[in-house]
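Here is how the chains run, residue by residue.
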Amino acid sequence: MFSEKEEFKKAFSRKLQAELGVYVENATEFDIYRALGSLVQDKIGEGWLQTQQQYKDKKEKQVYYFSMEFLMGRLLGNNLLNLQVLEMVEEGLSDYGFSLSRIEDQEHDAGLGNGGLGRLAACFLDSLASLELPGHGCGLRYRYGMFDQRFMNGYQVELPDNWLSDQFIWEVRRPEEAIEVKFGGHVSTANNGSGELAFRYKNYNTLRAVPYDVPVVGYNNEVVNTLRLWSAEPTEKDILTVAKQQNDYTNMLNHQRSLESISDFLYPDDSTDEGKTLRLKQEYFLVSSGVQSAVRQFEQLELPWSSFSNQVALHINDTHPALVIPELMRILLDEKELGWEEAWEVTQSTVSYTNHTTLSEALETWPVDLVRNLLPRIFMIIEEMNERFCQSLWKTYPGDFDRIASLAIIADGQVKMAHLSIVGSHSINGVAKLHTEILKKREMKTFFETFPNRFTNKTNGITHRRWLMHANRPLSQLISDHIGEQWKDHPEQLTDLLAKQEDPSLLDSLYDVKQQNKESFANWVHKETGIMVDSSSIFDVHIKRLHGYKRQLLNALHIMHLYNEIKSGHARNMVPRTFFFGAKAAPGYHFAKKVIKLINRISDVVNNDTDVNEQLNVVFLENYSVSMAERIIPAANISEQISTASKEASGTGNMKLMMNGALTIGTLDGANIEINEVVGDNNMYTFGLRSNEILRYYKEGGYSSKEVYDTDERIRHTLDQLIHYSPFSKGETEFKDLYDALLTYNDEFFVLKDFASYVEAQQQIDDDYKQTREWCRKSLINIAHSGKFSSDQTIQSYASDIWRLQQVKTLR
Ligand code: 26V
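Residues numbered from 1 in each chain as written. Predicted model: local features only at pLDDT ≥ 70, side-chain atom pairs only at ≥ 80, totals over all residues. Heavy atoms only, no water.

- An unreviewed UniProt entry lists the protein under the name Glycogen/starch/alpha-glucan family phosphorylase, from Pontibacillus yanchengensis.

### Observations concerning the overall build of the protein
Piece 1. On a plain count of helices and strands, the protein comes out with 33 helices and 25 strands.
Piece 2. Against the compact-globule benchmark of 28 Å for 812 residues, the protein has a radius of gyration of 27 Å, which places it among compact chains.
Piece 3. A principal-axis box enclosing the C-alpha atoms of the protein has dimensions of 90 × 75 × 60 Å.
Piece 4. Taking all 812 residues of the protein together, the buried fraction comes to 61%.
Piece 5. Long-range pairs, those at least 24 residues apart, make up 77% of the contacts in the protein with a sequence separation of at least 6.
Piece 6. When the accessible surface of the protein is totalled, it reaches about 31700 Å², and 46% of it is carbon and sulfur.
Piece 7. For the protein, the separation between the mean place of its 86 positive charges and that of its 113 negative charges on side chains is 2 Å. (Helix = DSSP H or I, 4+ residues; strand = E, 2+ residues; numbered from the N terminus. Rg over C-alpha atoms; globule rule 2.2 N^0.38 Å. Buried < 20%, exposed > 50% of the residue type's maximum accessible area, 1.4 Å probe, protein only. Contact = heavy atoms within 4.5 Å. Areas by Shrake-Rupley, 256 points an atom, 1.4 Å probe, with all protein chains shown as cover. Lys, Arg positive; Asp, Glu negative; His and termini not counted. Charge placed at Lys NZ, Arg CZ, Asp CG, Glu CD.)

### So, the sheet that holds strand S25 (residues 685-686)
Piece 1. A sheet is described by the order of its strands in space; here six strands give the open sequence S22-S21-S20-S23-S24-S25, paired in parallel fashion. One side of each edge strand has no neighbouring strand; the edge strands of this open sheet are strand S22 (616-621) and S25.
Piece 2. Direction of pairing for strand S21 (residues 577-582) relative to S22: parallel, over a ladder of six bridges. Bridged to Phe-581 within S22 is Phe-620.
Piece 3. Of the strands in this sheet, S21 and S22 are in contact with helix H23 (residues 590-607), which crosses S22 at around 140°.
Piece 4. Seen against the sheet, helix H32 (residues 772-785) touches strand S23 (638-641), strand S24 (663-666) and S25 and runs at an angle of roughly 85° to S24. (Pairing = 2+ DSSP bridges. Axes fitted to C-alpha atoms, helices over the stretch in contact; angles between N-to-C directions.)

### Section: unusual backbone geometry
Piece 1. Of note in this structure, Glu-222 is not a glycine but carries a positive phi near 70°.
Piece 2. Mapped onto the secondary structure, Glu-222 falls in the loop between strand S11 (205-217) and strand S12 (224-234).
Piece 3. By relative accessible area, which is 53% here, Glu-222 ends up exposed.
Piece 4. With phi around 50°, Asp-747 is a residue other than glycine that occupies positive phi space.
Piece 5. Note on placement: Asp-747 falls in the loop between helix H30 (736-742) and helix H31 (751-769).

### Details of the pairing of strand S14 (residues 351-354)
Piece 1. Of the two faces of S14, both are covered, the one formed by Val-351 and Tyr-353 as well as the one formed by Ser-352 and Thr-354.
Piece 2. Pairing between strand S13 (residues 312-317) and S14: four bridges, direction parallel. When the bridges of S14 are listed, His-315 appears paired with Ser-352.
Piece 3. Sheet analysis places S14 next to strand S18 (residues 427-430), joined by three bridges and oriented parallel. What sits directly across from Ser-352, in S18, is Ser-427.

### Description of the nonpolar core
Piece 1. If you look at the biggest cluster of nonpolar residues, it comprises 195 residues, and the most contacted ones within it are Leu-36 and Trp-803.
Piece 2. In this structure Leu-36 touches Phe-8, Phe-12, Leu-76, Leu-80, Val-89, Leu-93, Leu-100 and Ile-103, once residues within four positions along its chain are discounted.
Piece 3. Judged by nonpolar contacts, the second largest core, of 61 residues, contains Ala-592, Ala-645, Tyr-709 and Ala-761. (Core = buried A, V, L, I, M, F, W, Y, C linked by side-chain atoms within 4.5 Å.)

### Remarks on the sheet that holds strand S16 (residues 410-411)
Piece 1. Pairing is antiparallel in the open sheet, where three strands are placed in the order S15-S17-S16. A strand with exactly one partner marks an edge of an open sheet, and here the two such strands are strand S15 (365-367) and S16.
Piece 2. Judged from the three bridges that link them, S15 and strand S17 (residues 414-416) form a sheet pairing that is antiparallel. Counted as the bridge partner of Thr-365 is Lys-416 from S17.

### Here's the deal with the site of the ligand
Piece 1. Near the ligand, the surroundings consist of 20 residues, among which His-356, Asn-460, Glu-648, Ser-650 and Gly-651 are the closest.
Piece 2. Within the contact set of the ligand, an oxygen atom lies 2.6 Å away from a side-chain nitrogen or oxygen of His-356.
Piece 3. Between Ser-650 and the ligand, the recorded distance is 3.0 Å, taken from a backbone N or O atom to an oxygen atom.
Piece 4. Contact with the protein chains hides 94% of the accessible area of the ligand, taken as 590 Å² for the molecule alone. (Near = heavy atom within 4 Å. Polar contact = N/O pair within 3.5 Å; in protein donor to acceptor, adjacent residues only side chain to side chain.)

### Quick word on the side chain of Thr-718
Piece 1. Mapped onto the fold, Thr-718 is located in helix H29 (residues 713-723).
Piece 2. With relative accessibility at 2%, the residue Thr-718 sits in the buried group.
Piece 3. Among the polar contacts listed, one links the side chain of Thr-718 to the backbone oxygen of Arg-714, at a separation of 2.6 Å.
Piece 4. Setting aside chain neighbours within four positions, we find Thr-718 in contact with Leu-557, Met-560, His-561 and Asn-564.

### Re the environment of Leu-197
Piece 1. In this fold, Leu-197 is placed in strand S10 (residues 197-202).
Piece 2. Those residues in contact with Leu-197 that sit more than four places away from it in its chain are Thr-189 and Ala-190.

### So, the packing of aromatic side chains
Geometrically, a pair of aromatic rings is defined through the distance of the ring centres and the angle of the planes.
Piece 1. Counted by the stated rule, this structure contains 34 aromatic pairs.
Piece 2. Here the aromatic rings of Phe-298 and Phe-308 are separated by 4.9 Å at their centres, their planes lie at 75°, and the arrangement is edge-to-face. In this pair, Phe-298 is assigned in helix H9 (residues 277-299) and Phe-308 in helix H10 (residues 308-311), connecting sequence segments ten residues apart. A single burial state applies to Phe-298 and to Phe-308, both of which are buried.
Piece 3. Measuring from centroid to centroid gives 5.8 Å for Phe-521 and Trp-524, while their planes differ by 25°, and the two rings are stacked. Of this pair, Phe-521 and Trp-524 both sit in helix H21 (residues 504-529), three residues apart, which is roughly one turn of that helix. Summarising the burial analysis for this pair, Phe-521 and Trp-524 share the class buried.
Piece 4. Taken together, the aromatic side chains of Phe-2, Phe-8, Phe-12 and Tyr-96 make up a single cluster linked through ring pairs.
Piece 5. Sitting above the plane of the Phe-2 ring, Lys-43 keeps its charged end 5.0 Å from the centroid.
Piece 6. A cation over an aromatic ring shows up here: Arg-403 above the ring of Tyr-397, its NZ or CZ 4.1 Å from the ring centre. (Phe/Tyr/Trp six-rings, centres within 6.5 Å; stacked < 30°, edge-to-face > 60°. Lys NZ or Arg CZ within 6 Å of the ring centre and 35° of its normal.)

Here you go:
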């Protein structure tokens, strides 16, 4: 393989000729990307094989991280970085006249996720491999990932994301490891001759699950783990059966299409549980292929079933893969012929569960009839679990019907996936301290009383390799110049920067680095959108899914208010500000789509009004994605983390922005609280109601948004502009829904209640930004403390407390 530049260049031009049939001189950037990718994949191959062999030989315990979403983004840059050849390759390409960053831009994002939950899974994979831990991702190979967002007339329009059309160069199809997954049909019971019941599953449909493996490269350690993505195909047997029944070619193709459709697309809604049959099929398809494949690997070790949980950990990322529990039970009971108690012991000690939301509308439930028809045997097992669980509760709380009904796995004709996940696993964790406390004290209180030892907190994290070392090379260099390189392996050592917080040359250089990043981002924005932004303005960044509780609307109303102030000549001597938004709305989320339209309207008005556009600009970036986040985060001065307190389970964008030196304006919610704990009030702008206040209002009432409207002239004026003639409404009624949500429906997310303190915090930012040196010091303090939020720390803690994994040490 290649380990120095000339060697690389030779191998590279050979690759171009042999695989693509072009000389370097004639190659397009896309040719270069493909050849480079293929060369890198070759380099990865060796470590990949060795890692898997070692795991097997040493009988290492493996964790399988089951997730319906892996928001991987691009892999080329990350793989080059982790293989430690990025700079060498960059120089080699540059000798040929190519820029690596432009080559990286040839890659289509792997957008197999909605937002935080899916990106967390991707960061975790990077940390597992980098910490030399035997852990693999198990997901679906969606034919279409997260939709491509376009704005038409200011409204969001969704287009399919045909990400596989240019070929996904990192995957390896492994048909020899395909697995059969069964749906439908019915189950009959018979005596097996020795007095026990045997279950016969008949008339089912079979699907072929074909794995596509994607290597997950560890940082500087030769470890290569696997992300296994399953794709649905028909089985030959199934096609022949259909052919026998009815020899009609068109019908046959339709039948085939309907089977393949299971892995067709990612559901783009992360706010409401729609209960769609196809989604349940997807969940079972993922679970059944993944569990069967894990069981198959375990069997190669020829160990007794009692040691299954010493060899295998199955982790479920939210409840979406919760059927792992009854699926493992099914295999152990029906195929391996274990007794219930023994199978239960194995299952429960193997599975662990992370909860990512307390929003009740996002908690999954499935109608009993649907589960019974689609997965008859799985349903029987869930019923039995429920029966036994309720009986055990009856023993502890005899006569307490209410308690038992509230904990049951099946109730009101629904299977409750969170209950299934808690009962069937040995560990349940929340994703930030506050979130875990809310689970224990409120949302899952009765479960916590029943299983107090199962609940733990694991605050989320992000990989500093992608989000600092790769996304922000100028800042990484600056850090290394001052504290050496050890932080790259031990991000917690970023705190060494604290000792230098008074060093003027460091603070000045930090200013320069941020400025440089802002300029390159501004250039990119200009190229992509035609909008010119002033890189001396404060870059204020609000990037995340569009949700009521994330309160993009609060930000928007504040901008309208600033506009009004400037127009009426009441504006203070404010530092020019550019507000950036990036956000996708679920296609059916009407309110969220209206907020997008409003922000686009504000952008139109503000950017084109010469009275204000020297001080105020608004840019809504189309199609926010991982690769866009990598551009915008290094350029941010302000990080907007303004959810209604208690609603944001953790947040991870807050960590990425902090790591890149942005200061947070935020509520005391999710991981913001932990950020505030480490940086202190001087280095963060907190505002708004606290979670206990919000939760009290929800419980006891007493909030009237109309009262706030009546007493705060700024709010009244701004809200009226939504419905009366104004530059923002243009005399139309399209923002009436937003006005109604805030007033007629009493402002579910406390936007108006928090408005005044938000304005105040924003004014403080404006004052503080003028003290440049002091601002840079605040920024440095944020960077210095961000190592606490490295996903390496989070994963270390999952590995030791939940999965009980051992590091593999002997590869290097
Ligand atoms: C929910 C649902 C509901 C059922 C249908 C499909 C679907 C798909 C995704 C989701 C995900 C909602 C949960 C989620 O994304 N939570 C976010 O998780 C992040 C990582 O833990 C955390 O930082 C965010 O605060 C939290 O909102």
